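If you want the building blocks of each chain, they are given just below.
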Amino acid sequence: QYQLVFNQTPFYPEGGGQLGDQGTLGGASVADTRLENGVIFHLTDTALTSGEVQGQVDWSRRRQLMDHHTAVHLVGGSARALLGPHIWQAGSNKGERYARIDLTHHSRLTRDDLDQIEDHTNQIIAANPTVEKIVLQRAEADARFGFELYQGGPPKHSEIRVIKIGDHDVQACGGTHHDNVGEVGELRITRSSQVQDGVERLQIVAGETAREYARQQERILAEASDTLGVQPQDLPKTVSRFFDEWKTQQKRIEILEAEIVRLRTSG
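These figures come from a predicted structure and were not determined experimentally.

About the thresholds
Throughout this description, residue numbers start from 1 for each chain and increase along the sequence as written. With pLDDT at 70 or above as the cut-off, local features in this predicted model cover only qualifying residues; side-chain atom pairs require 80 or more to be listed or tallied, and sums for whole chains, interfaces and linings still use all residues. Hydrogens and water are ignored here; the side-chain numbers use all heavy atoms of the structure. Axis lines are fitted to C-alpha atoms, over the contacting stretch for helices. Their N-to-C directions set the angle, which ranges from 0 to 180 degrees. Helix and strand assignments follow DSSP, with helices taken as H or I runs no shorter than four residues and strands as E runs no shorter than two, numbered in order from the N terminus. In these notes the angle categories are as follows: under 35 degrees is roughly parallel, over 145 is roughly antiparallel, 65 to 115 is roughly perpendicular, and the rest is oblique. Crossing chirality is assigned from the near helix's rotation relative to the far helix, an anticlockwise turn below a right angle marking it left-handed and a clockwise turn marking it right-handed. We call two residues contacting when some pair of their heavy atoms lies within 4.5 Å. Only Asp, Glu, Lys and Arg are considered charged, only Ala, Val, Leu, Ile, Met, Phe, Trp, Tyr, Cys and Pro nonpolar, and every remaining residue, Gly among them, polar. Any residue under 20% of the maximum accessible area for its type is buried, any over 50% is exposed, and the rest in between are partly exposed; the area is computed with a 1.4 Å probe on protein chains only. A cavity here means a set of 1 Å grid points, computed over protein atoms only, where a 1.4 Å probe fits but cannot escape. A pocket is an open set with protein on both sides within 12 Å along at least 5 of 7 lines, and lining residues have an atom within 4 Å of a point. Grid points are joined across faces, edges and corners, and a volume is the space filled by probe spheres set on the points.

## Details of the packing of helix 1 (residues 59-83) against helix 2 (residues 111-127)
Phase 1: Running from N to C, helix 1 and helix 2 cross one another at 120°; their axes reach a closest spacing of 9 Å. When the axis of helix 1 is compared with that of helix 2, the two are oblique. Viewed along their axes, helix 1 and helix 2 form a crossing whose handedness is right-handed. Two secondary-structure elements touch here, helix 1 through Leu74, Val75, Ser78, Ala79, Ala81, Leu82 and Leu83 and helix 2 through Gln116, Ile117, His120, Thr121, Ile124 and Ile125.
Phase 2: Of the residues in the contact of helix 1 with helix 2, the class split is nine nonpolar, four polar and no charged.

Here is the structure:
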């Protein structure tokens, strides 16, 4: 690998839980972009000579990262709106295939809870508020927005960038986001897990990955229905019946095996 440095760049370096950009620089392919000690390094497969270089960010990948980063803000805001102000972001990650957000909560979240948060978030997406990106001095930001601003962690600089989504959510964040929430398209919360006591991890898909997830679920249902010869709505009942029959057969097999052993040993 080669590490290229420029005086300016459109490539976003990995940070704040968001992956670094990929793309091309001149004749070099950029595999990753990283920030170290205030310097942005472009990791490439070949070297370049000094001088001016034309760069091209992989836009479809960047857009997906923007979908997921914007979605994390939306889900956090919806969780606070529905569950209460004790909800706090304990961590997040914005990848290409999915995003996750860790939220503080006093109990496990049920599927009904996740569905309500998902519905509320999609209502905000449909309302399409503007995503304001404001650069402020930290003292001014503190006075204007309060401590809730630092859910993603305290900033390292006196000047901070604030992401404000209408009255829904406001956070200090340096990541990439859409200009309007409606650009996310749609969002699904696929599952939740317990990271530790009092912290729930929600896995999110948004934009194109949400559509891919829906198509994948439909394929799984169709294939399972065809295999069992039933309609998709009858799958849970049919699978439960097959499982009960399987347990009954396993018990019967154990009884027969024991009887065989008894007959052999008795001569």
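From this point, the discussion proceeds with the structure in view.
## A few points about unusual backbone geometry
Phase 1: Of note in the backbone geometry, Asn37 takes a positive phi value of approximately 55° without being a glycine.
Phase 2: With respect to the helices and strands, the residue Asn37 is situated in the loop between strand 3 (28-36) and strand 4 (39-44).
Phase 3: Positive phi is not limited to glycine here, since Asn128 has a value of about 60°.
Phase 4: Relative to the helices and strands, Asn128 is located in the loop between helix 2 and strand 8 (131-137).
Phase 5: Residue class for Asn128 comes out partly exposed when judged on its relative accessible area of 37%.

## Let's talk about the layout of surface pockets
Phase 1: Empty space within the largest pocket amounts to approximately 910 Å³.
Phase 2: If you go around the largest pocket, you meet 28 residues; those closest to its centre are Tyr12, Gly16, Cys173, Gly174 and Gly175.
Phase 3: Broken down by secondary-structure element, the contributors of at least two residues to the lining of the largest pocket are helix 1, strand 6 (89-94), strand 9 (159-165) and strand 10 (169-172).
Phase 4: Tallied by class, the residues present in the lining of the largest pocket amount to nine nonpolar, 14 polar and five charged.
Phase 5: Empty space within the second largest pocket amounts to approximately 190 Å³.
Phase 6: Forming the boundary of the second largest pocket are Phe6, Asn7, Gln8, Thr9, Pro10, Phe11, Leu25, His42, Gly51, Glu52, Val53 and Gly55.
Phase 7: Residues that form the lining of the second largest pocket fall into these classes: five nonpolar, six polar and one charged.

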